[in-house]
Every structure is written in C-alpha cells, then in structure tokens.
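# Summary of structural features
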Amino acid sequence: MASHGIRDRVAIVGMGCTPFREHWDRSLDDLLIDAAGLALDSAGVTKDDLDAYWFGTSQSAASGIALATPLRLSGKPVTRVENYCATGSEALRQACYAVASGAYDSAMAIGAEKAKDGGYQGLNAFPIPTDGTNRTLTAAAMFSLIIPAYAERYGVDEDELRRVVARIAEKNHFNGARNPLAQFRRETSADAICEMPAIAGRLSVFDCAGVADGAAAAIVVRAEDALRYTDTPLYVKALALVAGDSSGLIDPDYDFTTLPECAAAAADAYAQAGITDPRAELALAEVHDCFTPTELVLMEDLGFSEPGTAWRDVLDGTFDLDGELPVNTDGGLKSFGHPVGASGLRMHYEAWIQLRDRAPEERRVNLRGRTKALIHNLGGYPGEMLSFVGIVGTGLD
Amino acid sequence: MTETRGILAYGAHVPYCRLDRAAISGVMGSGGGRGWRAVASFDQDTTTMGVEAARQALGSTDLVPEALWFSTVAPAYVDKTNATTVHAALRLDAAVPALDLGGAVRSAVGSLRAALVGPGRTLVVASDLRVGLPTSADESAGGDAAAAVLTGSATDGSLLAEYLGGASATAEFLDRWRVPGDATSRTWEERFGEQAYGPLVDRAWAAALADTGLDADDIDTAIVTGLHGRAVERLAGRLGVTVAGNLADTVGNSGAAHPALLLAHTLDTAEAGRVLALVVLADGVEVLLFRTTGALADGRPSRSVAVQVEDRADVAYPTYLAWRGLLEVQPPNRPAPNRPSASAALRRSDWKHGFVGSKDATTGITHLPPSRVGIGGGAVDDMEPAPMADTGGTVVTFTVDRLAYSPSPPIVFAVVDFDGGGRMPVELTDVDPAEVAVGGRVAMTFRRLHTADGIHNYFWKARPVRG
C-alpha cells in the first residue's frame, strides 16, 4: 500500500470564512456567496478565473448545482462531497488532488452548513431508510464513553478527569473569546462547567461543540504558480484520510480510550510531510474537539502526548494559546461553532492566518520559527469513525 | 386408542415495572387500592410480552411448535397478524403457521382448549395489556402479562400435565364490552353479571366432571379467573375445592393472559399427580382439567412466575399514565425517529426479530449485526448464523443519554460483550441508570423501540440480570 502524498505540489493562495453564528437572517446561498467572495478577494481572482469547484455540505444541499446556482458559475465542473463532519476537509482534499494531477490549474474548495433551519437543537442526521435496528444515541453519548474508559485504563480519578476535559473547554472558550468570527465569545471556567447538569454520561452542554451556520472557502493552485497570487502562500504538505470499518463497535479489544482512525491518519500525514516529532515541529494544531474528551484523546492519537499522559499535559497548559503546542487557537468547534460542512475549511483558515501572522493580536501564536500547522477533522463516533489529518506550511521543503 | 395430550412446556412473562395502587389516589385523590399491578414498560406491548413468555416456554424444551396461536385483547396491529412477529422472534420455520386468535378475553382460553384437543404441537400464547381510565376499578385491578403453553401429545415428549378433559358453557350477555379502537372497557351493573355467570359455572363444572369421570373431591386445586372479580370470588366458593391464589395483589388481573398465567404459577410449584381445574369466566364459562406428572419437576421454565413477581421496580403513576398515552408530556426537542423500512426489515428479519448475528468461519469472530465481510480478514460470505438472543452478556462500559429521542428518556446505553464472543452497543431497558455498573450481567429481551407512521419498530434490548 502506498500513500505518496502531494507535498509542496499545491498551494493555498486565498481563504475566506464567514462568522459562525445562528444566522437566522442568512440562507445557505448567502453564506456560500459570502465565503466564496472573501476567498476570491483574498486570492485576487474572480470566479471565472478558477477551473473547478468542490462543495462540501453534509446535509444542507445536494449536488454541485447547489453551489453553481448561488454563485452563477457558468460551464464549470462543480462537485458536491460529503464525508460526515470531515466534509469540509474532504472538499479541500479533492480540490488539491485535482490540481496536483494536472487536470486543473486552480480550484476552489468551499464548505457550508445551514444547521439552524431544522427547528431542533443539536445536529440531526438525515433519515435514511433502514431496518430500524440502528443505534439512536446522540454523538455526545457516544463520546462520553471515553471518560470512564480512559479513567479506568490509566488509573485517573474519574472526577479529576471530568475536570481535565472541562479545562479543555475553558481553554477553547478563552481562545474563542479572542476571535471575532467565533460563535461563543465568552470565557468560562472549568469549575462552572463541572457544576452544570449532565446531558450525556458526565458531559454537560458546555462539553459539546456549538451548533452554528457558516461557510469557509479556500483557493488552491499549482505550487509553482502560487507566488503569482500572493507573497505568502500556504503549501499543502500532507492530506491523509482514513475511514474506519466500524470494527470498534463489535471488537471486544477496542476500549474507547483511543481513536485508531485518527492515529492512522496522523501517521500517514506525518510520513507525507516528513514530520518525526510533531510536538516540537508544529507551530499549532487545529483539532476536532466535537466534545471535550475527543480533544483529550486526540492529543495522544496525534502524537502530541504519550498514551495516558495527555490529561497531565492539559493541566500543565501545554496546549494553551501560550503553551508548548497551542491547540484550537481559534476556539475550536467548542467555541467557534460547528457548521458541519464548513468546519474542516475553518480549521485551515486558522492555519492560514496564524502561520502568516494575520491572526488578531490578542490570540496570535508565537511561531518560534515553526512554519507548519496540523489540521485534524473527524466524522463519526468512537469505534465508527473517519479521520482527516492535513499539514500545511509557509515554506517549500 | 385416544392419545394422551397435555402440556409439554409452559412459560410466563410478568413485566418488570409495577404500579403501587396507593400512588393512584395519591395523585388523583381517589381510585387505587392496596398492592401492586404489573405494568408493561413503554417499550412493551402484547406482542413483545408474548415473545418473552414464549421464549420461557420454549427455553425449557427441545420441542419445536408445529403451530403458533396468539391471543390478545390489545393487539399491536389489526389487519396485520401479530403472531408473525412472535414467530419471527422465536425463529420458527416458515412452515409453522402463526395465527392471531384474538378479539376477546374468551379467545385465549378457547385457543388453549382447541390446542389441547389437538392435533399437533401448538404453542398457545396469551398476552394482555389492561388499561382503565384513571381512578377506575379496571385501572387498579388490571395487570399486564403474558403466558405461553406448548400443547401436544405424550408421543411428542414428556407431558408436564395431562389434559383430562373439560366443558364449556356459552351465553350472550353484556357484562363487559369495548368498541374496537377504544383503550378501555365498559361494564354493566356488577350484580347482573354475577347472576348471569352463576348458572353457567354450575353447568360447565358439572359437565367437566362428567366428561372426565371425576368428583369434586378428586380435584386438588381450582384456578378460577375472569374479569368479573365479584362473580369469580363468589362462584369459586361454590365449587367446594381449594382455590388457587389469583396474583391480584402483585400482578393484577391480566385478562386474556390470566388463565394461562395462573396455570403457569400453579404448575411452578405443583407436585406430581395433582389434579388442577382451570375455570374461566368470560362470556360463558370454560373448565379445563389437568393432572400433573412426574416430568413437571424437570420441565419448568427458568424464570418462575414467583421469581418474576419479585423482580420489580415501581413506576411513578404519572409516568405510567404517560406510557399508556393517558397523559401527554413534552417529548425531547429532537426529531422523532423515522419509520423503519418494510423491505429492509424483511431482508434483515433474522437480525431484527431473531437477533441472529453471524460468525466468521475462519476467524471465529461474531458480528453483530451479521456481516458478509469479516473484521478480522477472511473470505467474503464465509459466515455462519449466530443466534444470540439467549446468550448472556457483560457490560463493558455504559452511558446515560439525556438528549436522544426516547418515548421515555433518558436512554441508558451499554457496550455489551456476549458470553463466548461478540460485542454490541445496545440500549438497556427495565433499568435504573444508577444501578448500571461495568461488569453487570444482562440478558436480551424483545422490545418495541418506537412507533412511527403506525409502524411498530421491534428490536432487542438488554435488561439487567439481578440477584
């Protein structure tokens, strides 16, 4: 099996991201037009200059027509992609591969979700006809299984672990409070979160990602053309994707303390990018903190912490804005909000502004000479998951 | 020579939930009484209770029914047969006919009599869910339960009780009635029913004794039941025979299921060679006479009625009302589940109704649900059916979901490892979230997950095994 990657063959030369909000006054079309416009302006191109479009949305629309119509794209190849909550990253991945293949010189990847028009709280799956035997748990409940499992495996007191994951929410709210695009801009304390009523296992509503509407977009071109668009492109170092076979649900050896699909995608991405010590080499990481325990175990699965030690690193502030490896500097899904199809591209947007020193002053990461960022975006649940890991950087290796 | 026929196996199901009758007047200011009534949980109906009773009956024998007859007054469906759901859950062969013999309380004891007379091995399942308007006598006196009896001849296997004979008396009079679609019944003045049943009991009792050549003195125990409580009590005293207890204080009167439930309860403790009379007052009187055999001691089901009566938890009265649709409460702010697909359900009936997974012939890994391709490698379509409904399991981890849609939140969900292999995340039922623990033991039970578009979505859940 080979995974060669396309290191330094494609560059991101423009990006845009709308605020993530309960946009009661804006439609999916509005969000697409806004995000596309920001990305086009950022790259200094028009919609007609681009050769192809990839549109990621999980449940808000179907087919490329749903993008071609609001943007009035004429005669363009437009593809809609879907890969659960990693949909936005999947759109970027497809666009990058198309450019790397030589089929197109430029492309747009755009992701959007209009999550708040359904009339219910939370995210709700599109109903597919089945035999009726499917699990009906919420994602929160599935991810809540991590806490008791991790506590038992590593001998951490469960009450202490509950505080550890609340500390992750506290960090992400701290970062989000310094992000004008984020959905939740109020700081909150781990103590306050621990006192909230449980909604699933030990998780409170503040352990869950915000549900928001929003869109984000990226313009990708051949690496050799990048400097024609910007002096500061981001080169794509790695694009890895692993879709699990759901064996974790039925395999008695799976213990809910790790997300193997994420570890496998990370290993592939590090190989593609030539990274051997991610904690020392990365300037920052944007990871899929759909629920607070997810971010905890991701620190281990992505190789930032040794197995069984991430909880200590969280308490030590390793992943804080001024820590050794800042994680979710934009507030993450927790505070930025999670419009499913847009989130993967939103994560790349944070790398786009941080690595190029464009982030707001109050949450700008001290890069310390590091030039690369990791983007982790997952879909599904523990045991039944797919994971994207990408790496971008400002220089050519 | 006439073949000796009788009971080859039997089983009962008393739901886990109970309503303390005192709780009724506590809320309503009237009604209720003393003792408890059994309550079908929100995820049970007459079909699922019938499945559980039938599993108890068939669990104690290797014999397979040649026919399945299902009787209830509260069918989950009309037009569509309910016995076919029981048939699928029991994984019976398509050649075994499954019929609903329903409509009235009398149908249940009538089908038992018809099965005892023969021919063939027939599994008779009776199930009832008794609903009364709040504060009514029916509400407090009723109970939800099911019972199953496998009938056949001595040539099929060892009879646990021989059927000696019986008699019937039929009459048309309005004691109790219900218009189809109504959840509750109406009754005429109590004293009228009592006098109407009197001569019918006398006649059927005398005819049954004549039919079997027995005297009243030969009968050790009479089980007398019917929904007219006053008539049953007064007329039982006229038989001159010891009358068995009626489970009124612990289960309530389970209507169509009650004759077979009381019969099962009596068989649970009866010694060999005892003569039992089953006397049922329902639009007439049915009398059936049995003699227990030496095989009874080794042929009983794994969970006696008494054990099930003890395995219980009280449900709050308002919750009970909500379960029965008598009190509408705010559902979770989540979309209600979709209706299941009829074609998908048929393709996967072995899984959905029978809880049959698959076992990889090469790796030995059990797959739940069944899979054509294994998780441990191996060839495609290299799987054997793995029936798991009767396999116990252990809780590996669990969570309580207070957000997910449920007809009665919260959902308690556990990852369960089955004895001998196989894992599945599965919903728990008949459970207090506070009692769940890693390492706890569970057994599978057939339940109704929800109803959408008039389609009852049946599947399996796990229930804690206590004690």
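Criteria and cut-off values
Residues numbered from 1 in each chain as written. Chains lettered and ligands numbered in written order. Predicted model: local features only at pLDDT ≥ 70, side-chain atom pairs only at ≥ 80, totals over all residues. Helix = DSSP H or I, 4+ residues; strand = E, 2+ residues; numbered from the N terminus. Rg over C-alpha atoms; globule rule 2.2 N^0.38 Å. Buried ≥ 20, exposed ≤ 12 C-beta atoms within 10 Å, placed from the backbone. Contact = placed C-beta atoms within 7 Å. Domains from an automatic or database assignment. Pairing = 2+ DSSP bridges. Core = buried A, V, L, I, M, F, W, Y, C linked by C-beta atoms within 7 Å. Nonpolar A, V, L, I, M, F, W, Y, C, P; charged D, E, K, R; others polar.

## A closer look at the overall build of chain B
On a plain count of helices and strands, chain B comes out with twelve helices and 22 strands. In terms of overall dimensions, chain B is globule-like: its C-alpha atoms have a radius of gyration of 22 Å, near the 23 Å expected for 467 residues. Overall size of chain B, expressed as C-alpha extent along the three principal axes, is 70 × 60 × 40 Å. Among the 467 residues that make up chain B, the fraction classed as buried is 54%.

## Concerning the overall build of chain A
Secondary structure assignment for chain A yields 13 helices and nine strands. For 397 residues, the compact-globule formula gives about 21 Å, and the C-alpha radius of gyration of chain A, at 20 Å, lands near that figure. Per-residue burial over chain A gives 60% buried out of 397 residues. A separation of at least 24 residues holds for 79% of the contacts in chain A among residues at least 6 apart in sequence.

## Overview of the domain arrangement of chain A
Residues and elements named next belong to chain A. Here chain A is described as being made up of domain 1 (10–119 + 213–234) and domain 2 (139–204 + 235–393). In this structure, domain 1 and domain 2 have C-alpha centres spaced 24 Å apart. Listed as interface residues are 39 residues of domain 1 and, on the opposing side, 35 residues of domain 2. Of all the secondary-structure elements, those providing two or more residues to the side of domain 1 that touches domain 2 are β1 (10–17), α3 (87–100), β4 (106–113) and β5 (214–222). Element by element, the count of residues in the side of domain 1 that touches domain 2 is highest for α3, at eight residues.

## With respect to unusual backbone geometry
All names here are of chain B. A cis amide bond links L368 to the next residue, P369, at an omega of 5°. Turning to its location among the elements, P369 is positioned in the loop between β16 (366–367) and β17 (383–387). P410 follows P409 through a cis peptide bond whose omega is -5°. Turning to its location among the elements, P410 is positioned in the loop between β18 (393–401) and β19 (411–418). For L247, which is not glycine, the phi dihedral falls at a positive 60°. Even without being a glycine, D453 presents a positive backbone phi close to 60°. Along the polypeptide, D453 turns up in the loop between β21 (441–452) and β22 (455–464). The exposure class assigned to D453 is exposed, which follows from the 7 C-beta atoms found within 10 Å.

## Quick notes on the sheet that holds strand β15 (residues 356–360) of chain B
Residue and element names in this part refer to chain B. A sheet is described by the order of its strands in space; here three strands give the open sequence β16-β15-β17, paired in antiparallel fashion. For this open sheet the edge positions go to β16 and β17, each flanked by a neighbour on one side alone. Note: β15 against β17, five bridges, orientation antiparallel. When the sheet's bridge partners are listed, K359 is paired in β17 with E384.

## Some thoughts on the nonpolar core
As a rule of thumb, soluble globular proteins bury nonpolar side chains together. Counting 279 residues, the largest nonpolar core has A109(A), I110(A), A217(A), V220(A), V125(B) and A147(B) as the members making the most contacts within it. Other than its neighbours up to four places away in sequence, A109(A) contacts W54(A), A91(A), L92(A), A95(A), A217(A), A218(A), V220(A) and L345(A).

## So, the sheet that holds strand β14 (residues 313–314) of chain B
Residues and elements named next belong to chain B. Spatially, β3-β2-β14 is the arrangement adopted by the three strands of the open sheet, whose pairing is mixed. Every interior strand has two partners, whereas the edge strands, β3 (36–39) and β14, have only one. Bridge count for strand β2 (residues 17–20) against β14 is two bridges, and the pairing is parallel. Each bridged residue has a counterpart across the sheet, and for R18 the counterpart in β14 is D314.

## Looking at the environment of A206(B)
In this fold, A206(B) is placed in helix α6 (residues 190–212). Spatially, the C-alpha atom of A206(B) lies 34 Å from that of R37(B), the residues being 169 residues apart in sequence.

## What about the pairing of strand β6 (residues 234–243) of chain A?
Residue and element names in this part refer to chain A. Most of β6 sits inside the fold, with nine of its ten residues counted as buried. For β1 and β6, the ladder comprises two bridges, and the chain directions are antiparallel. The partner of I12 across the bridge, within β6, is L234. Pairing analysis gives eight bridges linking β6 to strand β9 (residues 384–393), with the strands arranged antiparallel. What sits directly across from Y235, in β9, is G393.

## Regarding helix α5 (residues 146–154) of chain A
Side chains three or four residues apart in an α-helix point the same way, a direct result of the helix having 3.6 residues per turn. Every buried residue of α5(A) is listed here: I146(A), I147(A), A149(A), Y150(A) and A151(A). On its buried face, α5(A) sits against α4 (139–144), α6 (158–176) and α10 (292–301) of chain A together with β18 of chain B.

## Details of the pairing of β2(B)
Sheet topology places β2(B) next to β3(B); four bridges connect them, and they run antiparallel. Bridging from a neighbouring strand, R18(B) pairs with A38(B) of β3(B).

## With respect to the interface of chain B and chain A
On the chain A side, the residues contacting the 33 residues of chain B number 31 residues. Elements that contribute at least two residues to the side of chain B that touches chain A include exactly α11 (342–347), α12 (349–352), β18, β19, β20 (423–428) and β22 of chain B. Top contributing element to the side of chain B that touches chain A by residue count: β18(B), with four residues. When the residues that make up the side of chain B that touches chain A are grouped by side-chain class, the tally is 19 nonpolar, seven polar and seven charged.

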